[in-house]
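Understanding the architecture of this molecule
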Amino acid sequence: MLKRVEKKTLKDEKDACVLAKDAKFPSPFDSKLEFSCSARGTWNIAHTGMLIPESHEVFVCAQSCLRGVVLTAAEMNSIDRFSNIIVRENNILEGDTEDLIVEGMGEILSKLPYTPKAVLVYTSCIHHFIGCDLNLVYKRLREKYPDVEFTDCYMNPIMRKSGLTPDQLMRRQLYSLLDKCELDKSSVNIIGNNFETDDDSELVKIIKENGFTLREVPRTKTYKEYKDMGKSFLNITYNPAAIEAGRYLEEKLNQKHLYLPLSYGFDEIEKNLDELCETLKIDKVDFTENKNKAKKALKKAKEVIKDTPISIDYTLTIRPLSLARLLLENGFNVVSIYADSFISEEEDDFKYIKENYPNIKIYPTVHVKMRFVDRHNDEKILALGQKAAYFTGSNNFVNMVEGGGMYGFDAIVKLCDLMVDAFLNEKDMKKLIQFKGLGCENYETNCK
């Protein structure tokens, strides 16, 4: 089943690289044996669940599956908000996994020094393989502990290639504890993000400066503030992984869902912001000044960076092709893109790059041959994202994941500043990329 991969530096980039002119959309590479590099700044489902204030996470799985999530909680300094119930072989043979969860939960709650407002229960692959009656489990838990709200979350990697991915499920279940109530026409939610949306972004400014209350899970400090998100009449998403969350809340709470995809193209940004104004029933905004600031920032960055090769990866932003196109149109020397597949919103940008910059290299990040690529470049490379930095061996990199909460023309200005700083000042790449969950509580402490 497995092919032998020689343990030496990869000289032949066949299968591990494709030129833009030869690439297929949306998946340039076949799915095969996979490799996970040591760039760990992206968030996982345990990080995301911790965003709900005054909540507690309980992972129910085999002991061998726990290492990663236990380390996540420990590295976040949030081990006091994390517990686990271990599924053993005898539980499978005796068929008592339902009782195991209920009784295990009772033991956990009895030993906690506080009563959590909510408990996020993460079941795993084994529960679905053996047909564990999870509906019965949650029914019994809610009856036994009426003062605690329980919701179902999933650590289920078998779902990565079909249906909703664990990431999409987590971004949806993050809002499953919201209750239906009378909607407030003067309050708005931004949902589905691990980072709060930048206050300087045009998106947030339009909402706040027109008298609307903005709610967002990363902004909440108490469980009540989280629950108040059920009052908002509108949910805004800009990460495609959060679309299902928007649909879910539209059906469950009757909140309107507005998808305004993150983009670095001027026309698409303006179109999205105009759509927001229409939805909020306010006057459209003249973005001429915002565009000029973005253009000046791009020009200034180009004067500093000049023709230095630039590599971009998908962990920096969910729209790497949109960002690549923006930089290419403004004279930057983008030479490579690291991504295993592209979202549908990237198709126009893909076609543009394919037609106008056919020799740009596209690399996967999980193909097993990427383990042996030569990461020692003689020339200076500006890497945008942790995986681009890892695969190019560059210490000149922008250390950001998932867009960093930036949006709109302001995002372009700030990203240009980050690029200039990364070009002028080296970082310790090997040290920085090894810590889980960039932006979590522990990150700055661990990196001192």
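For the structure itself, consult the block above.
Let us look at the structure shown here. (Residues numbered from 1 in each chain as written. Predicted model: local features only at pLDDT ≥ 70, side-chain atom pairs only at ≥ 80, totals over all residues. Heavy atoms only, no water.)

Considerations on unusual backbone geometry
- The amide bond that connects Phe 25 to the next residue, Pro 26, takes the cis arrangement and shows omega of 5 degrees.
- By the element assignment, Pro 26 lies in the loop between β1 (18-19) and α1 (45-49).
- Of note, the phi angle at Glu 54 is positive, near 60 degrees, even though the residue is not glycine.
- Judged by its relative accessible area of 38%, Glu 54 falls in the partly exposed class.
- Positive phi, close to 65 degrees, is recorded for Asn 254, a residue that is not glycine.
- Locating Asn 254 in the fold gives a position in the loop between α10 (243-253) and β9 (256-259). (Helix = DSSP H or I, 4+ residues; strand = E, 2+ residues; numbered from the N terminus. Buried < 20%, exposed > 50% of the residue type's maximum accessible area, 1.4 Å probe, protein only.)

Focus on the pattern of salt bridges
- Taken as a whole and judged by the stated rule, the model has 28 salt bridges.
- Of the charged contacts, one joins Glu 268 and Arg 319 as a salt bridge, the two residues approaching to 3.4 Å between their closest N and O atoms. One end of the pair, Glu 268, is in helix α11 (residues 266-280); the other, Arg 319, is in the loop between β10 (309-313) and α13 (320-329), with 51 residues separating them in the sequence.
- With its nearest N and O atoms 3.1 Å apart, the salt bridge here joins Glu 329 to Arg 325. Remark: Arg 325 and Glu 329 occur in helix α13; sequence separation between them is four residues, near one turn of the helix. (Salt bridge = Lys/Arg side-chain N within 4 Å of Asp/Glu carboxyl O.)

Describing the pairing of β10
- Most of β10 is tucked away, with five of its five residues classed as buried.
- What you see with β10 is no split at all: Pro 309, Ser 311 and Asp 313 on one side and Ile 310 and Ile 312 on the other are buried throughout.
- Read as a crossover between parallel neighbours, the route from β10 over α13 to strand β11 (residues 333-338) is right-handed.
- For β10 and strand β13 (residues 382-384), the ladder comprises three bridges, and the chain directions are parallel. Residue pairing across strands places Ile 312 opposite Leu 384, the latter belonging to β13. (Right-handed = clockwise from strand over helix to strand, strands pointing away. Pairing = 2+ DSSP bridges.)

Considerations on empty space enclosed by the protein
- All told, the structure shown has one cavity of 30 Å³ or more when counted by the stated rule.
- The space that makes up the largest cavity amounts to roughly 30 Å³.
- Lining the largest cavity are Leu 262, Tyr 264, Gly 403, Met 406, Ala 411 and Leu 415.
- For the lining of the largest cavity, the residue count by class is five nonpolar, one polar and no charged. (1 Å grid on protein atoms, 1.4 Å probe; cavity = no way out; pocket = protein on both sides within 12 Å on 5 of 7 lines; lining within 4 Å. Points joined across faces, edges and corners; volume = space filled by probe spheres on them. Nonpolar A, V, L, I, M, F, W, Y, C, P; charged D, E, K, R; others polar.)

Considering the environment of Tyr 314
- Within the element layout of this structure, Tyr 314 appears in the loop between β10 and α13.
- Taking the relative accessible area as the measure of exposure, Tyr 314 reaches 32% and is therefore partly exposed.
- Put simply, Tyr 314 and Tyr 114 are 200 residues apart on the chain and 40 Å apart in space, counted from C-alpha to C-alpha.
- Residues contacting Tyr 314, with those up to four places away along its chain left out, are Pro 320, Tyr 338, Ala 339, Asp 340, Thr 365 and Lys 387. (Contact = heavy atoms within 4.5 Å.)

Some points on the packing of α13 against helix α14 (residues 347-356)
- At their nearest, the axes of α13 and α14 sit 9 Å apart, and the two run at 45 degrees to each other. By the angle between their axes, α13 is oblique relative to α14. In this structure, the crossing between α13 and α14 has a hand that is left-handed. For the pair α13 and α14, contact is made by Leu 321, Ser 322, Ala 324, Arg 325, Leu 328 and Glu 329 and by Asp 348, Asp 349, Phe 350, Tyr 352 and Ile 353, respectively.
- Among the residues forming the contact of α13 with α14, the class breakdown is six nonpolar, one polar and four charged. (Axes fitted to C-alpha atoms, helices over the stretch in contact; angles between N-to-C directions. Parallel < 35°, antiparallel > 145°, perpendicular 65-115°, else oblique. Left-handed = near helix turned anticlockwise from the far one by under 90°.)

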